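Each chain, written out:
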Amino acid sequence: AEIIDFPTITIVPPLTYDDLDKSIDAIETYNWLIFTSRNGVKYFFKRYFEKDKDIRDLKGIKICAIGTKTASEIKKYGLKVDMVPEEFRAEGLIEAFVALQKQENFNSVIQNSKPFTGIRFLLPRAEKAREIFPEKIRELGGEIDIPVVYRTIKPEYHGKRLRRFLKEGRISIATFTSAATFNNFVEIMGSDSEELLRGVTIAVIGPITANAVKKAGLPVHIMPEQSTVDAMVEEIIKWVKAKRFGENI
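Residues numbered from 1 in each chain as written. Predicted model: local features only at pLDDT ≥ 70, side-chain atom pairs only at ≥ 80, totals over all residues. Heavy atoms only, no water.

## Details of the sheet that holds strand E6 (residues 143-145)
To summarise the sheet geometry, strands pair through backbone hydrogen bonds and adopt either a parallel or an antiparallel arrangement. Selection criterion: One requirement defines pairing of two strands: DSSP has to find at least two bridges between them. Runs of H or I in DSSP of at least four residues are treated as helices and runs of E of at least two as strands, each being numbered from the N terminus. Whenever a helix is involved, its axis is fitted only over the stretch in contact; in every case the axis is a line through C-alpha atoms, and angles between N-to-C directions fall within 0 to 180 degrees. By definition in these notes, contact holds between two residues if any of their heavy atoms fall within 4.5 Å.
As summarised here, the arrangement of the four strands in space is E3-E2-E4-E6, forming an open sheet in which the pairing is parallel. Looking at the sheet topology across the chains shown, the edges are occupied by strand E3 (62-65) and E6. Taking each pair of neighbouring strands and ignoring which way they run, the sheet shows an average axis angle of 20°. Relative to strand E4 (residues 120-122), strand E2 (residues 32-35) is paired through two bridges, and the arrangement is parallel. By the bridge assignment, Trp32 is partnered in E4 with Phe121. Sitting on the sheet, helix H2 (residues 38-50) is in contact with E2 and E4, with an inclination near 125° to E2.

This is how it looks when you write it as structure tokens:
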């Protein structure tokens, strides 16, 4: 395949480290440290070590990773990952923690309507992120801090070459790995961005990205069951084989 790389987000540090520094200074007070992306891991530990902290300060804190790639990034620091939810999004994370609560009995009274009372979570994340998980944790009695560790911003370019390729029908499949990548693509391409994608097969990494595409009035043709780039690539290969060679997917 011929690949046209067109980044629509740039990863940059947060505007201020105040909230993150406060959480790092009190790191020993948390029961769980949750990472939702490889970037979250990298930027958290970059600041963590800049503050002259030691990996040993994380002793006793359990670590959760959303996704196998995130888990692999954590392991580079010599840390054990205690939980990777089966579903790589907020809803799956909630289910995983509720199930673990029932299994390990975090509280002395498991029938408590607020089962996470006394449990403190640290969720270092992107500046713009869904609030479903933090809201649910608080609803169930837990405490959670969500300091910003990185931001995603739109690159400053116009994509004239890609626009031409789309108009000429030279793009077969467009892939989007997050809602932000799609939304920024729409902004960069301009008011006729949806029309430019009308004849293009759209592949997305998961349901959150799919919702962003559908909200723009466009169809989603390819989406893997597991929200990873590897799974999306496999799904694209299956789709192409089915279309081109008539293979049963």
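## Remarks on the pairing of E3
This is how the line gets drawn: A clockwise course of the path from the first strand over the helix to the second, judged with the strands pointing away from the viewer, identifies a crossover as right-handed.
Note: E2 against E3, four bridges, orientation parallel. Across the sheet, the residue bridging to Ile34 is Cys64, located in E3. In this view, the connection linking E2 to its parallel neighbour E3 by way of H2 has right-handed handedness.

## Observations regarding the packing of aromatic side chains
Test applied: Stacked, edge-to-face and tilted are the three classes for Phe, Tyr and Trp ring pairs, Trp counted by its six-membered ring, which pair at centre distances within 6.5 Å; planes under 30 degrees apart are stacked, over 60 edge-to-face, the rest tilted. A simple rule labels every residue: compare its accessible area, found with a 1.4 Å probe on the protein chains alone, to the largest value its type can have, and call it buried under 20%, exposed over 50%, or partly exposed in between. Here, a charge over a ring means that NZ of Lys or CZ of Arg falls within 6 Å of the ring centre while also lying within 35 degrees of the ring normal.
Evaluated as defined, the whole model comprises 15 aromatic pairs. Aromatic pair Phe45 and Tyr48: ring centres 5.8 Å apart, planes at 75°, arrangement edge-to-face. Residue Phe45 and its partner Tyr48 are located together in helix H2, separated by three residues, close to a single helical turn. The exposure class assigned to Tyr48 is buried, which follows from its relative accessible area of 0%. Among the aromatic residues, those joined into a cluster by ring pairs are Phe35, Phe44, Phe45, Tyr48, Phe49 and Tyr77. Above the plane of the ring of Tyr17 lies Arg47, whose end atom (NZ or CZ) is 4.2 Å from the centre.

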